[in-house]
Structure formats: structure tokens, C-alpha cells
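One-letter residues, chain by chain:
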Amino acid sequence: MLQQYDERNRDLIVNINGDLRHRDQAGISPFDSAVQGGDAVWEGLRLYDGRIFRLVEHLDRLRSSALALAFAEIPTHEALIEQIRRTLEANRMRDGVHIRLTLTRGVKVTSGMDPRLNRAGPTLIVLAEYKPPVYDKAGITLLTSTIRRPPPDSLDPKIHHCNLIPSILAKIQANAGGADDALMLDPRGFIAETNATHVFVVFKGEVATSRTLACPEGITRTVVLELCERHAIPHAERDLSLTEVYRAEEVFCTGTMGELAPVTTIDGRTIGNGSVGPVTVRLGTLFRELTATEGVAVVN
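Not measured: the values here are computed from a predicted model. (Residues numbered from 1 in each chain as written. Predicted model: local features only at pLDDT ≥ 70, side-chain atom pairs only at ≥ 80, totals over all residues. Heavy atoms only, no water.)

## What about unusual backbone geometry?
- At A70, a residue that is not glycine, the phi angle is positive and equals roughly 60°.
- Topologically, A70 is positioned in the loop between α2 (55-68) and α3 (77-91).
- On the basis of relative accessibility, which here comes to 56%, the residue A70 falls in the exposed class.
- Not every positive phi belongs to a glycine, and D267 is a case in point at roughly 55°.
- Considering the arrangement of structural elements, one finds D267 in the loop between β14 (259-266) and β15 (269-270).
- Judged by its relative accessible area of 28%, D267 falls in the partly exposed class. (Helix = DSSP H or I, 4+ residues; strand = E, 2+ residues; numbered from the N terminus. Buried < 20%, exposed > 50% of the residue type's maximum accessible area, 1.4 Å probe, protein only.)

Structure below.
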């Protein structure tokens, strides 16, 4: 799976600390913490008909991550929403848009990893692109990576940080193996997530997903579990082994950028009958109904 360039994004206006500029004029200091050491947190947001779905939950997670990294300053939700709104209005965007919101520790007075060198406050980057859900709704393929997700005592996945090297290494393996994405395990050998999404399996009517021991507290993941609860679909959060994935009747991935995406092949093995399963279809429909009615209005 290779994302395609959208011509509508040629002249994007991006927002860096409130400064709106053409994408080709975007400027981040070489002393910024994101450049120096990936010292930043981020969120992916999706705009539906002028509304951002689960915006407050995303901003809550951004703040939680920044607090865990001991950022000295964190913008308020209101300040963040205002910059998101300004960016969308500058691009005249209303629908079919993915927003990457990045908050770095800011610019350092001199190169180095010590946070005490950060004295200018955080750097906020708002990047909004026309981007429909990126995965093939007819099904994607996964390959199990040798790269493991780190445990909480190494790098807690509850921090939604910008240190994405493990995911990139796993994605390189998936690319080399001809798969769309990589399936990643935790240090114990249980399913963590893919390099970019959470994983759900369906077996004997139960929808199950991994515990958040080696994967982030996903917003879309939470929505799917809420939909299961609301519509009396049996569900569970527990350790999942590769055997359970291989024998599953259905597998699907979740994330803001791709919404719900069915998985039809893993490690060359056909999942179920190789087509999109009924539980995946039902949850996908319920999810679309939710995004069509819920969200925080940010543009008129």
C-alpha cells in the first residue's frame, strides 16, 4: 500500500506556531526538539463535513503525552482548536481532510538533549491535507515483523510520541515482503498492533483486541469497543497470539487515517474466506454513521 499524492495538496497552507505559510516555505529550526531528538507528541485528526471526530479525546491524549514528557508549557484545548480552525479556513477545507497535529518541546538555545535547554516554549505544527481513508476497503495484507514493540518500562506506548523508528523499520520489512503493513508483536510474542494501526480479530462471534501494554490508547480502537458494547456485540481486550490471528474468521485494523480496514491475508495465510467479513462490515457501517453525526464543529 502506497499513499497517492493528491493534486489538491499542491498549495497547502501550513501552520507553524500560528504563522500561516505555503507548504514549500515551511520552516522548522534545526534547534527544534523534534529535529534534535524526535522530542515531540502528535495526534491524527479527521474532518467530516466541518466537524472533527472525537476532537476533545485527541486533545486530551496530546496533553497527557506532553505531561508525561514533562513539557514546561502545553497550549490549552481552546488555543489548539483556534489554530486548527485558522489552518482549515486558510485552505478552505471542510471534508475529506486528515490533520496531523504536532507539538514539540520547542527550540533549544544550543544543540543537546537536556530539556533545560528549551526556553522558548513549545512549537505547534498544524498540517491539514486532503486525504481519504488510506486503506483498501476490499482488504489489506500484513506481514509479521521481527521488530518488537517496546514494553512500558522501555518506552510507554501511552505516550503518543514522535519516535517512530520501530514502526518505520517494521514498515520497511513489510514493503520488502510485498505486504501493505507490518504486524508487530510485544516482547512476550503477543500481538501489539501494526506499524500504524490497532488490530482486532473476530472468532466465534467475539471481537477481541490487544490490551494497551505495547500499543497506544487508540481513539478509533476505543470507538469500536464502545460500538460493540452499545450494540451487544461480544468483545474483549486480552492478550492475542499469532495462532488466534491465523485462525480468526475476520481481522480488521483501526486508526484515524484509515478508519476500519479489513485484513484478508497475514503472512501469506488467507484470513477466513478471504473476503470482508460480516462483523467488519457491520462495525464499519456503525462507525460511518457515528462520524456522520458526531464531532466538534470547527468550520462553517
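## Quick look at the nonpolar core
- In this structure, I84, L88 and I99 are the most contacted members of the largest nonpolar core, which totals 26 residues.
- Contributions of two or more residues to this core are made by β3 (40-48), α2, α3, β5 (97-104) and β6 (123-130).
- Excluding residues within four positions of it along the chain, L88 makes contact with L47, M93, V97, I99, A128, V298 and V299.
- In terms of nonpolar packing, the next biggest core, distinct from the first, is built from 20 residues, I140, V199, V201 and V251 among them. (Core = buried A, V, L, I, M, F, W, Y, C linked by side-chain atoms within 4.5 Å. Contact = heavy atoms within 4.5 Å.)

## Things to note about the pattern of salt bridges
- Tallied over the full model, the rule gives 20 salt bridges.
- Among the salt bridges present, the one from R61 reaches E43, with a minimum N-O distance of 2.8 Å. Highlighted residues: R61 in helix α2 and E43 in strand β3, separated in sequence by 18 residues. E43 carries the same exposure label as R61, and that label is buried.
- Notably, a salt bridge pairs E237 with R221, separated by 2.6 Å at the nearest N-O pair. Pair noted here: E237 is in strand β12 (residues 235-237) and R221 is in helix α5 (residues 219-230), with a separation of 16 residues, a long-range link. (Salt bridge = Lys/Arg side-chain N within 4 Å of Asp/Glu carboxyl O.)

## Points about the sheet that holds strand β4 (residues 51-52)
- With respect to topology, seven strands assemble into an open sheet ordered β2-β1-β6-β5-β3-β4-β16, the strand pairing being antiparallel. Single-partner strands in this sheet number two, and they are β2 (19-22) and β16 (296-297).
- Sheet strands touched by α2: β3, β4, β5 and β16. Its angle to β3, the strand with the most contacts, is close to 175°. (Pairing = 2+ DSSP bridges. Axes fitted to C-alpha atoms, helices over the stretch in contact; angles between N-to-C directions.)

## Description of a nonpolar patch on the surface
- The grouping of L164, I165, I168, L169 and I172 at the surface amounts to a nonpolar patch, some 420 Å² of accessible area in total.
- Along the chain, I168 falls in helix α4 (residues 165-176). (Patch = residues over 30% accessible without salt bridge, like charges linked within 9 Å, V, L, I, M, F, W, Y side chains within 5 Å. Areas by Shrake-Rupley, 256 points an atom, 1.4 Å probe, with all protein chains shown as cover.)

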